[in-house]
Amino acid sequence: MSASVKSLLSTLTSRGPHRVLRGNLAIAGQPGVVYTPESGRNLPAIAFGHGWMTGSDNYRTLLEHLASWGFVAAAPDTERGPIPSHLGLATDLLTTLDICAGVRLGDGDISVHPDRLVVAGHGMGAGAAVIAAAQRRVAAVAALFPAPTAPAAESIAADIDTPALILAGATDLRSTNSNAIPLAAAWGGPMLLRTIDKASADGLAEGRRLIALLGAGKHEHKTTRTTRALLTGYLLATVQGDKTYAPFADPEASIPHTHLIDPSADEAPVDKPSPAKLGQLVALLRK
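Since the structure is predicted, the reported quantities are computational estimates derived from the model, not experimental observations.

Thresholds, definitions, all that
- Residues numbered from 1 in each chain as written.
- Predicted model: local features only at pLDDT ≥ 70, side-chain atom pairs only at ≥ 80, totals over all residues.
- Heavy atoms only, no water.
- Buried < 20%, exposed > 50% of the residue type's maximum accessible area, 1.4 Å probe, protein only.
- Helix = DSSP H or I, 4+ residues; strand = E, 2+ residues; numbered from the N terminus.
- Pairing = 2+ DSSP bridges.
- Arc of directions from axis to C-beta.
- Contact = heavy atoms within 4.5 Å.
- Core = buried A, V, L, I, M, F, W, Y, C linked by side-chain atoms within 4.5 Å.

A. A look at the pairing of strand β2 (residues 32-37). Among the six residues of β2, six are classified as buried, and the element is accordingly described as predominantly covered. Residue alternation in β2 divides its side chains into two sets, Gly32, Val34 and Thr36 and Val33, Tyr35 and Pro37, and both sets are buried. In the sheet, strand β1 (residues 20-24) pairs with β2 via five bridges, with the strands oriented antiparallel. The residue of β2 that forms the bridge with glycine 23 is valine 34. Sheet analysis places β2 next to strand β4 (residues 72-76), joined by four bridges and oriented antiparallel.

B. Region of the structure containing helix α1 (residues 5-13). Residues of α1 that are buried include every one of Val5, Leu8, Leu9, Leu12 and Thr13, and no others. The buried residues of α1 all sit within an arc of 135° when viewed along its axis, so they share a single face. Residues of α1 that are buried make contact with α2 (60-68) and α8 (221-238).

C. Summary view of the nonpolar core. If you look at the biggest cluster of nonpolar residues, it comprises 44 residues, and the most contacted ones within it are Val72, Val119, Val141, Leu183 and Trp187. Only β3 (40-49), β4, α3 (86-102), β5 (110-122), α4 (124-135), β6 (140-144), β7 (164-169) and α6 (180-186) provide two or more residues apiece to this core. Per-element accounting of this core gives the leading share, eight residues, to α4. Every residue in contact with tryptophan 187, bar those within four places of it in the chain, is listed here: Val130, Val141, Ala157, Ile160, Thr162 and Ala164. With 43 residues, the next largest nonpolar core counts Leu66, Phe71, Ile196 and Tyr234 among its residues.

See below:
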């Protein structure tokens, strides 16, 4: 009997079976970090783009989690300032993939399959991942809580037929800081748009951030746990072809704490902001 989706989701929130190693991409000329399983040949690799005013350290748990499930997970540490170049970050994502695929990692016991490359990102990094996917064919794209970029990711999405997972927070799906719906509506290939209950776009990044000092962008532990499970399950199903996790790439599958969204529908279900959050926003505006 196959495991239930609820059971699989619980399994994927925990670390996988592999011991994880950490490396420095700067050795190969690209500022950033790479996490790998202890060993493995022809592994899939993910280049991950960070959000605005963050860096790879803010996604350490997510990257380590992916590596523990058998993925090489690397993140460039560039474009971290207040006025970043989204095109520049997209270029660095592709450079990161080149390093992962072209260099023996670890002690030479780790190699990456050139047909199992993924671009992913959070916020502006999600948009940069889309821009990168428009320049080079990859096995999958994962846009986590995508935010507007220049050029607009949705303006080039129609030309990309790569499978894509788009995740958004139910609390800010229709905010000006999210372009998840137009990105999903424009996507040219197979696509899943899911919202995570009670999640916000800023809740994924970990650690200290400047915007947190301004009263926004606090880390949400539940958002991180659910996101890494959904992302891992989707990539295991699509890139690795593991049928055990097929529900995570199934547009008809119901997954706890999430909702599938039809981007062409007039309205999508969203969580209403709590009175406490509204009060905090009013207080900030009055300062």
